[in-house]
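Tertiary structure, described
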Amino acid sequence: MAVFSHDITERKTAEERLITSLKEKEVLLRELYHRTKNNMQVICSMLELYSMDFDDETVKNVFSELNNKIRTMALVHQKLYKSQNLSCIGMKEYIRELVELLMKSYRASPQRITPEYDLDDIFFAIDLAIPCGLLVNELISNALKHAFPGSRQGRITVRLKKKEGEYVELQVADDGIGAPSEFDFKSGGKMGLQTVFALGGHQLQGKIEFESSAGVTCRVIFKNKPFTNQTNI
Ligand SMILES: Nc1ncnc2c1ncn2[C@@H]1O[C@H](COP(=O)(O)OP(=O)(O)OP(=O)(O)O)[C@@H](O)[C@H]1O
Ligand SMILES: [Mg+2]
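Residues numbered from 1 in each chain as written. Chains lettered and ligands numbered in written order. Predicted model: local features only at pLDDT ≥ 70, side-chain atom pairs only at ≥ 80, totals over all residues. Heavy atoms only, no water.

What follows deals with the overall build of the protein chain. Helix and strand counts for the protein chain stand at six helices and seven strands. Beginning at the N terminus, the succession of helices and strands in the protein chain can be written as α-α-β-α-β-β-α-β-β-α-α-β-β. Taken over the C-alpha trace, the protein chain has a radius of gyration of 22 Å; the compact-globule value for 233 residues is 17 Å, which it surpasses by more than 25%. Looking at the protein chain as a whole, 40% of its 233 residues qualify as buried. Across the protein chain, the fraction of contacts at a sequence separation of at least 24, relative to all contacts at a separation of at least 6, is 71%. As displayed, the protein chain has an accessible area near 13,900 Å², and 55% of this comes from carbon and sulfur atoms. (Helix = DSSP H or I, 4+ residues; strand = E, 2+ residues; numbered from the N terminus. Rg over C-alpha atoms; globule rule 2.2 N^0.38 Å. Buried < 20%, exposed > 50% of the residue type's maximum accessible area, 1.4 Å probe, protein only. Contact = heavy atoms within 4.5 Å. Areas by Shrake-Rupley, 256 points an atom, 1.4 Å probe, with all protein chains shown as cover.)

Moving on to the packing of aromatic side chains. The full count for this structure, using the stated rule, is five aromatic pairs. Ring pairs connect the aromatic residues Phe183, Phe185, Phe197 and Phe210, which therefore count as one cluster. (Phe/Tyr/Trp six-rings, centres within 6.5 Å; stacked < 30°, edge-to-face > 60°.)

Among the 16 residues in the neighbourhood of ligand 1, the closest are listed as Asn142, His146, Asp174, Lys190 and Gly192. The side chain of Glu65 places a nitrogen or oxygen atom 3.3 Å from an oxygen atom of ligand 1. Taking Lys190, its main chain carries an N or O atom lying 2.7 Å from an oxygen atom of ligand 1. Listing elements by their share of the shell around ligand 1, those giving two or more residues are helix H4 (126–147) and helix H6 (191–203). (Near = heavy atom within 4 Å. Polar contact = N/O pair within 3.5 Å; in protein donor to acceptor, adjacent residues only side chain to side chain.)

When its domains are assigned, the protein chain resolves into domain 1 (1–83) and domain 2 (87–233). One C-alpha centre belongs to domain 1, the other to domain 2; they are set 25 Å apart. Taken together, the contacts link 14 residues of domain 1 with 21 residues of domain 2. Seen at the junction of domain 1 and domain 2, the total is four salt bridges. Lys145 is the partner of Glu65 in a salt bridge, and the nearest nitrogen-oxygen pair spans 3.2 Å. Counting residues per element, the side of domain 1 that touches domain 2 draws most heavily on helix H2 (residues 57–82), at 12 residues. Tallied by class, the residues present in the side of domain 1 that touches domain 2 amount to five nonpolar, five polar and four charged. (Domains from an automatic or database assignment. Salt bridge = Lys/Arg side-chain N within 4 Å of Asp/Glu carboxyl O. Nonpolar A, V, L, I, M, F, W, Y, C, P; charged D, E, K, R; others polar.)

Read from one edge to the other, the open sheet built from five strands follows the order E2-E4-E5-E7-E6, with strand pairing classed as mixed. Each end of this open sheet is capped by a strand with a single partner; those strands are strand E2 (113–119) and strand E6 (207–213). Averaged over all adjacent pairs, the angle separating strand axes in this sheet is 10°, with direction ignored. The pairing of strand E5 (residues 167–174) with strand E7 (residues 215–223) spans seven bridges and is antiparallel. Paired with Gln171 across the two strands is Arg219, which belongs to E7. Seen against the sheet, helix H3 (residues 91–105) touches E2, strand E4 (154–162) and E5 and runs at an angle of roughly 170° to E2. Sheet contacts for H6: E6 and E7; angle to E6, the most-contacted strand, approximately 145°. (Pairing = 2+ DSSP bridges. Axes fitted to C-alpha atoms, helices over the stretch in contact; angles between N-to-C directions.)

Rendered as structure tokens:
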């Protein structure tokens with residue numbers, strides 16, 4: 001009898017130790033996400049300070065676009081440390097915040113260029129959320145920079161929809177002026193479009209399609225890996 005109760009006590013102590021250790025790791029991971037986000041914000045502030053030394057608009061734009069890319073990644077870390085299971089973020093909320101951030105950065109008024117959303121409740125782990133965020137960043141930036149010259153008004157629509165199996169479809173579309181005729185998005189782009197094909201094709205291992213008629217539409221279909229597909233928050 002005494003041996004039996006000794007066994008139970010030992011097992012309970014081991015279990016408690018395990019729970020404490022797990023909780024400590026959770027706190028550490030949350031702290032790590034928080035600090036990473038803070039460090040990224042420090043880099044952004046430094047870029048903003050350096051950019052003040054230049055009058056040239058082209059140079060200022062380079063700084064501002066770098067800043068946007070870092071903020072895109074920082075936002076993933078911010079969402080992660082606020083998430084419950086520390087592994088996935090809700091893309092619905094993330095994409096809306098990201099688009100709002102970019103609209104502000106390009107000083108685009110929502111009355112002139114109106115963002116519209118059709119986003120399913122989809123959760124991505126960090127390894128998908130970051131490339132997906134950077135991809136949205138490039139596509140929205142392109143729409144804001146090229147689709148609505150002068151005072152042209154229009155809409156940018158962002159969709160993230162669940163498809164068959166584990167597949168998801170991301171779509172960014174605008175009703176702006178469209179790309180130059182005969183433009184080949186795959187080979188004719190600069191850093192921006194090259195980044196889209198690299199992120200979509202390699203990192204997300206997806207299929208990328210562009211269409212330019214009444215504005216530009218980009219569709220990327222990729223797989224939300226099963227181990228990352230857990231609902232949380
Ligand atoms: N949504 C869009 N509407 C109209 N034209 C577009 C759109 N997206 C891309 N383009 C055209 O495709 C070109 C290439 O885009 P890309 O993103 O590669 O380069 P960029 O935006 O000019 O510079 P960066 O490398 O800084 O992104 C643009 O210069 C523009 O002419
Ligand atoms: Mg671009």
